[in-house]
Amino acid sequence: MDKTVQCPQCKNTLSVSGNPGEIVKVTCPSCGNNGKVTFKTLETENNSAIQVFDLRKEYGALVAVNNISFNVKKGEVFAFLGPNGAGKTTTVEMIESIRKPTSGTIHILGRDIKTQFDQVKDKIGILPQEFRSFERLTVRETLIYFSSLYQIQADIDEIIKAMDLKSEENKLYKDLSGGLKQRVGVAIALVNDPEIVFLDEPSTGLDPKARREVWEFIAGLRNKGKTVFLTTHYMEEAEYLADHIAIIHKGSIIAEGSLEELTDKYGEGSILRIKDCKNRDVINTLIEQGLEVFTEGNGDIAVKIAYKERVLEVLAILKRECVDYDSIDISRSNLEEIFLKLTGAKLREAS
Amino acid sequence: MNLKFIKTDLIYAVKGWLRSKGTVFWTILFPILLIMIFGAIFSESGDVSYELVLQDLDGSDESGNFTTFLDETNIFELKNIEEDVDISDYMKEEDISVGLQIPDDFQMMIQQIKFNPMAKVNLTFYHDPSDNTVSPVVRSVLSGLINNYNDMITLSPSVVGMEVKSTLGEDFDFIDFFVPGMIGFTIMTSMVYGSIERNTKLRKDGILRKLLTMPVTRSEWILSKMLFMLFLSFISTFVVIAVGMLVWGLNIQINIFFFIIVICTSFMFSGLGMIVGRFVKEEETADMAGGAITFPMMFLAGTFFPLEQMPEFLQSVAQILPLYYVNEGLRNAMIYLDMDKTLFFTGFVVTFALAFFIVGVLLQKWKED
């Protein structure tokens with residue numbers, strides 16, 4: 001495998017070859033600085049669908065993807081979350097063998113795609129970004145067309161039924177709404193009954209109702225045991241669908257894990273809000289108990305909850321002090337807050 | 001080779017094409033309109049008089065009567081020349097494109113009709129084939145007048161006939177010249193535009209990216225698309241020929257060279273379209289790129305007008321345009337039936353086809369940078 005590294009002394013970029021687990025000694029040709037480059041060991045877990053190691057993509061001086069590594073397990077929905085221009089599509093297109101990486105290794109179902117991509121073509125289904133099919137074919141014809149490319153073909157009727165396209169099957173693609181077109185795009189990705197489905201920004205440009213429909217179908221894919229690699233810049237989409245989330249920013253993965261792991265690790269915990277509280281003295285009582293309390297602009301009292309047992313503590317205090325309030329709600333840190341904390345920018349602003 | 005996919009692709013491409021009224025219009029009706037319009041423009045007679053060189057080799061009373069008959073129609077401005085003058089040379093010197101020669105047995109044959117019903121005498125019609133406007137009109141007017149003259153003198157429609165001779169040694173009407181050019185032109189436009197638009201649209205729609213991840217090779221894909229393009233080429237070709245025959249009385253010969261040239265032309269201009277399509281990223285620019293190639297070539301390659309009517313330096317330009325060889329190859333194969341020239345031009349067409357198509361296929365790129 002190849003790895004592109006930067007000399008820490010003169011910032012010169014070097015290309016180094018080595019095998020997984022190998023430590024290679026390197027001398028910078030520009031400044032003579034000596035160093036070592038470690039090639040990570042390739043995990044060969046049987047339940048890995050996709051393994052990416054030190055993947056890098058350069059366009060001249062621009063580093064679009066900066067030596068990222070991650071692992072996608074079989075049967076999970078893996079969300080690749082980041083603002084537009086973060087490197088999501090470049091990464092997924094390198095995994096799909098549409099773009100050539102500058103360096104790094106990609107394995108799909110245990111096969112190195114650099115040399116064995118033809119062997120995995122039958123096992124993957126892809127919805128490219130902003131995909132549009134043939135305008136003057138009906139939905140059924142479109143599915144038959146793409147399915148004719150494969151040796152193993154899924155039952156077209158079953159796909160139409162599963163994607164809820166029965167009433168549209170004889171309509172021309174050009175006459176479908178945006179949501180239906182995306183649904184057909186997902187259906188096309190399923191014509192070969194793939195093990196892994198790549199969906200690149202599947203709900204971009206859709207209205208909220210259509211977006212929700214697409215989410216339901218993606219959730220249905222997981223229920224059928226498919227591995228779904230989802231790229232998105234919608235945090236709600238990742239929160240709703242993903243088992244595992246990798247957040248990418250400026251070509252680097254800045255956080256990775258399940259939603260719970262990410263909120264636990266990078267989130268501010270939960271906030272308990274006491275609305276329209278008549279007894280303001282309770283603020284001092286809560287602070288005396290070691291809780292972080294602040295008053296919001298509308299007068300609501302917000303209590304930061306570091307761990308869930310403290311919720312019961314707060315409720316006990318409110319009951320004991322006979323506090324008069326209108327309502328209580330608890331909200332958890334979301335991905336938007338995590339992204340803000342990690343990058344200093346809101347996800348939407350970064351997009 | 002995934003024949004199942006190639007078959008499916010071809011069937012659905014034809015289905016999709018039939019569902020697009022605009023595309024069907026441009027493929028079928030556009031050549032019909034062009035051939036009707038151009039045919040009408042260059043075949044109309046109008047209320048004008050034409051200079052006609054007249055050479056009376058008989059010098060008899062009967063030939064004198066015929067000359068007076070022509071003169072009194074006021075259609076012709078007659079230029080009488082002596083018997084010993086070469087009529088072709090005279091026409092070239094005086095820049096007159098039509099002439100009529102009365103043979104020396106004109107009176108004798110007309111008199112024989114009383115005894116021999118099979119007697120016949122032919123006038124000789126000389127014309128310059130590079131003049132596409134006057135020559136066909138005068139020829140058809142003369143035919144009508146000769147019929148009238150036959151009725152007048154003998155009540156027999158056939159005693160006086162007309163034999164047509166070209167001053168250039170070739171014999172064809174403008175429509176004969178025009179139809180092969182029209183075939184070359186329609187194949188060129190549908191192949192060039194089709195290839196460029198297909199490449200840019202499929203790239204923009206993500207279909208090329210998707211195909212890259214599917215079990216289909218570039219050669220299978222290009223082969224299936226070429227079969228569809230050949231289908232379009234033959235449709236437009238036969239539309240042009242059918243209209244030419246039905247409306248303008250086109251007389252052509254379909255032979256193996258005709259098919260070779262049509263097939264090679266399709267590959268040639270598809271290859272050219274693929275080469276250009278490789279560099280055209282936007283769908284909006286595809287039309288302009290197609291126009292930039294087809295329009296200059298259409299006018300400079302002798303599609304609608306003979307090269308002889310163009311300035312000499314433009315005639316030299318035509319020699320490097322592939323459409324010129326297609327046009328001339330088709331004319332010689334279908335109309336003039338000149339096998340030497342057919343082979344010569346077909347050789348160029350095959351060479352251009354191989355060069356453009358191979359380069360086009362090599363330049364085809366599905367992968368992104």
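Treat the numbers as computed from the prediction; the structure is a model and nothing was measured.

Take the overall build of chain A next. Scanning chain A from terminus to terminus reveals twelve helices and 18 strands. Counting all 351 residues of chain A, 38% fall into the buried class. Looking at chain A alone, contacts between residues at least 24 apart form 63% of all its contacts between residues at least 6 apart.

Let us look at the sheet that holds strand S13 (residues 244-249) of chain A. The pairing of strands in a sheet happens through backbone hydrogen bonds and is either parallel or antiparallel. Residues and elements named next belong to chain A. Spatial ordering of the open sheet is given by S10-S11-S12-S7-S13-S14, a layout of six strands whose pairing is mixed. Here the strands that pair on one side only, and so sit at the sheet edges, are strand S10 (124-127) and strand S14 (252-257). Here the average twist between neighbouring strands, direction ignored, is 15 degrees. Two elements, strand S7 (residues 77-81) and S13, share four bridges in a ladder whose sense is parallel. Across the sheet, Leu81 pairs through a bridge with Ile247, a residue of S13. Taken strand by strand, helix H1 (residues 88-95) contacts S7, strand S11 (196-200), strand S12 (227-232) and S13, and its axis lies near 150 degrees from that of S12.

All names here are of chain B. Following both chains from N to C, one finds helix H10 (residues 256-279) and helix H14 (residues 339-363) inclined at 30 degrees, their axes separated by 7 Å at the closest point. Handedness of the crossing formed by H10 with H14: left-handed. In terms of residue class, the contact of H10 with H14 is made up of 18 nonpolar, six polar and one charged.

Below, the discussion takes up helix H6 (residues 208-223) of chain A. Residues and elements named next belong to chain A. Taking 1.5 Å of rise per residue, the 16 residues of H6 would be expected to cover 22 Å, and the 23 Å separating its terminal C-alpha atoms lies within 8% of that figure. For H6, the full list of buried residues reads Arg211, Val214, Ile218 and Leu221. End-on view of H6: buried residues confined to an arc of 70 degrees, all on one side of the axis. H6 presents Pro208, Lys209, Glu216 and Asn223 as exposed residues on the side facing more than 90 degrees away from its buried surface. For H6, the elements touching its buried residues are S7, helix H5 (178-188), S11, S12 and helix H7 (235-241). Immediately downstream of H6, the backbone of Gly225 shows phi near 90 degrees, a positive value.

The next thing to look at is the sheet that holds strand S8 (residues 103-108) of chain A. All names here are of chain A. Taken together, the four strands give an open sheet; going across it, the order is S6-S5-S8-S9, and neighbouring strands pair in antiparallel fashion. Only two strands of the sheet have a single partner each, and these edge strands are strand S6 (62-73) and strand S9 (111-112). Pairing geometry for strand S5 (residues 48-59) and S6, over eight bridges, is antiparallel. For Val52, the partnering residue across the bridge sits in S6 and is Phe70. Sitting on the sheet, H1 touches S5, S6 and S8, and the angle it makes with S5 is about 120 degrees.

So, about the interface of chain B and chain A. Contact residues are listed per partner, giving 19 residues for chain B and 24 residues for chain A. The greatest single-element share of the side of chain B that touches chain A, amounting to six residues, is contributed by helix H1 (residues 3-19) of chain B. Taken together, the residues of the side of chain B that touches chain A break down into six nonpolar, six polar and seven charged.

The rules behind the values
- The residue numbering used here restarts from 1 in each chain and proceeds along that chain's sequence as written.
- The lettering of chains begins at A and the numbering of ligands begins at 1, in the order of writing.
- Only residues with pLDDT of 70 or above have their local features reported here, since the model is predicted, and side-chain atom pairs are shown and tallied only from 80 upward, although totals for entire chains, interfaces and linings are computed over all residues.
- Elements are defined by DSSP. Helices are runs of H or I of four residues or more, strands are runs of E of two residues or more, and each kind is numbered from the N terminus.
- With C-beta atoms placed from the backbone, the exposure class of a residue follows from how many other C-beta atoms lie within 10 Å of its own: 20 or more, buried; 12 or fewer, exposed; in between, partly exposed.
- In this description, a residue-residue contact is defined by the distance between C-beta atoms placed from the backbone, which must lie within 7 Å.
- Two strands are said to pair when DSSP picks up at least two bridges between them.
- Whenever a helix is involved, its axis is fitted only over the stretch in contact; in every case the axis is a line through C-alpha atoms, and angles between N-to-C directions fall within 0 to 180 degrees.
- Less than a right angle of anticlockwise turn of the near helix away from the far helix marks a crossing as left-handed, whereas a clockwise turn marks it as right-handed.
- Classification used: nonpolar for Ala, Val, Leu, Ile, Met, Phe, Trp, Tyr, Cys and Pro, charged for Asp, Glu, Lys and Arg, polar for all others including Gly.
- Expected helix span is given by 1.5 Å per residue-to-residue step, counting one fewer step than there are residues.
- Within this analysis, the arc is defined by the directions that extend from the helix axis to the C-beta atoms.

By themselves, these observations are geometric and do not establish any function.
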